Amino acid sequence: MSEDQQVWAWRHPRPEGAAGRCIGAGTDLPVHWRRAKRLARRIQATARRERLPHCIHSSPLRRCREVGAWLRRWGWTHRVDAALLELDFGRWEGKTWQAIGQAEVDAWCADFGAYAPGGGEALNALLARAGAWSVQTPALVVSHGGWMLARRWVSEGRPPPASAADWPAAPRYGQLWRLV
């Protein structure tokens, strides 16, 4: 994979108020301004070192968009794109995992790809959305752990996961992955 065909994807910084809750596309949590600025500086340094374009694509949610806003202040182009959103958890959004209930979580885990948790979006739909996302590369992105996992999964040509046990752990907050 050549560098000009890559997507340089950073997971957003740790958002405020996410601990112990189901957080997806329908929960727009803020991120502390220092965390957003710190990640924007790291992206800026990477772009300078690797001679990448000064254009950042981000999810419209604040935890991603606020990083892009810092870069825009420094002269970058910032493009907000709903295709970069996290999985939509429907009526589960913002609830604690305990409030959702073990029976519903078990139903999702048993049919991990096709089940739409909380009536939201099935993982198969996220896989399709992440795999179809296309812009001129190299592209720099601030998105979510689920989107990054889905993009990597599809680029490796893997079939949808049969169960939750097949799905890997999300990248750390602020972590960079180079994707196809």
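Everything discussed here concerns the structure shown above.
Because the structure is predicted, anything quoted here is derived from the model rather than measured.

Cut-off values and rules
Residues numbered from 1 in each chain as written. Predicted model: local features only at pLDDT ≥ 70, side-chain atom pairs only at ≥ 80, totals over all residues. Heavy atoms only, no water. Pairing = 2+ DSSP bridges. Helix = DSSP H or I, 4+ residues; strand = E, 2+ residues; numbered from the N terminus. Axes fitted to C-alpha atoms, helices over the stretch in contact; angles between N-to-C directions. Contact = heavy atoms within 4.5 Å. Salt bridge = Lys/Arg side-chain N within 4 Å of Asp/Glu carboxyl O. Buried < 20%, exposed > 50% of the residue type's maximum accessible area, 1.4 Å probe, protein only. Phe/Tyr/Trp six-rings, centres within 6.5 Å; stacked < 30°, edge-to-face > 60°. Lys NZ or Arg CZ within 6 Å of the ring centre and 35° of its normal. Core = buried A, V, L, I, M, F, W, Y, C linked by side-chain atoms within 4.5 Å.

Caption draft 1: The arrangement of the sheet that holds strand β3 (residues 77-80) in detail. Strand order in the open sheet made by the 5 strands is β3-β2-β4-β1-β5, with mixed pairing throughout. Looking at the sheet topology across the chains shown, the edges are occupied by β3 and β5 (176-179). Taking the axes of each pair of neighbouring strands and ignoring which way they run, one obtains an average angle of 25 degrees across the sheet. Strand contacts of helix α2 (residues 62-73): β2 (55-58), β3 and β4 (139-143), with the helix running at about 160 degrees to β3, the strand carrying the most contacts. Here helix α6 (residues 145-155) sits on the sheet and contacts β1 (7-11), β4 and β5; the angle it forms with β5, its principal contact strand, is near 30 degrees.

Caption draft 2: Spatial organisation of the pattern of salt bridges. Taken as a whole, this structure holds 6 salt bridges when the rule is applied. Between Arg 35 and Glu 16 there is a salt bridge, and its shortest N-O distance comes to 2.6 Å. In this pair, Arg 35 sits in helix α1 (residues 33-50) while Glu 16 sits in the loop between β1 and α1, placing the two residues 19 residues apart along the sequence. Residue classification places Glu 16 among the partly exposed residues on the basis of a relative accessible area of 33%. Between Arg 91 and Glu 104 there is a salt bridge, with the nearest N and O atoms lying 3.6 Å from each other. With a gap of 13 residues between them, Arg 91 in the loop between β3 and α3 (97-100) and Glu 104 in helix α4 (residues 102-110) connect regions that are remote in the sequence. Overall, the relative accessible area of 52% leaves Arg 91 in the exposed class. Relative accessible area serves as the criterion here: at 26%, Glu 104 is assigned to the partly exposed category.

Caption draft 3: The arrangement of the environment of Phe 89 in detail. Position of Phe 89 relative to the elements: it lies in the loop between β3 and α3. Among the residues examined, Phe 89 registers a relative accessible area of 8% and is labelled buried. Put simply, Phe 89 and Val 31 are 58 residues apart on the chain and 20 Å apart in space, counted from C-alpha to C-alpha. Leave out the neighbours within four places in its chain, and Phe 89 touches Cys 22, Ile 23, Gly 24, Trp 108, Pro 117, Gly 118 and Gly 120.

Caption draft 4: Region of interest: the packing of aromatic side chains. Applying the stated rule across the entire model yields 11 aromatic pairs. Where Trp 33 meets Trp 70, the ring centres are 6.4 Å apart and the plane angle is 35 degrees; that geometry is what we call tilted. A residue pair is termed long-range when its members are at least 10 positions apart, and Trp 33 in helix α1 and Trp 70 in helix α2 qualify at 37 residues. Among the aromatic residues, those joined into a ring-pair cluster are Phe 89, Trp 92, Trp 97, Trp 108, Phe 112, Trp 153 and Trp 167. The positively charged end of Arg 73 is found above the aromatic ring belonging to Trp 70, 4.2 Å away from the centroid. Above the plane of the ring of Trp 153 lies Arg 158, whose end atom (NZ or CZ) is 3.7 Å from the centre.

Caption draft 5: Representation of the nonpolar core. With 26 residues, the main nonpolar core has Trp 92, Trp 133, Val 141, Trp 147 and Trp 167 as its most contacted residues. Among the elements of the structure, β1, α4, α5 (123-132), β4, α6 and β5 are those that each provide at least two residues to this core. Every residue in contact with Trp 167, bar those within four places of it in the chain, is listed here: Phe 112, Leu 123, Leu 127, Gly 146, Leu 149, Ala 150, Trp 153 and Pro 161. Listed in part, the 17 residues of the second largest apolar core include Trp 8, Ala 36, Ile 56 and Val 67.

Caption draft 6: Quick look at the pairing of β4. Among the 5 residues of β4, 5 are classified as buried, and the element is accordingly described as predominantly covered. Of the two faces of β4, the one carrying Ala 139, Val 141 and Ser 143 and the one carrying Leu 140 and Val 142 are both buried. Looking at chain direction, β1 and β4 are connected through 5 bridges and run parallel. Paired with Trp 8 across the bridge in β4 is Leu 140. Where β2 meets β4, 3 bridges bridge the pair, whose relative direction is parallel. From the neighbouring strand, Ser 58 faces β4, where its bridge partner is Val 142.

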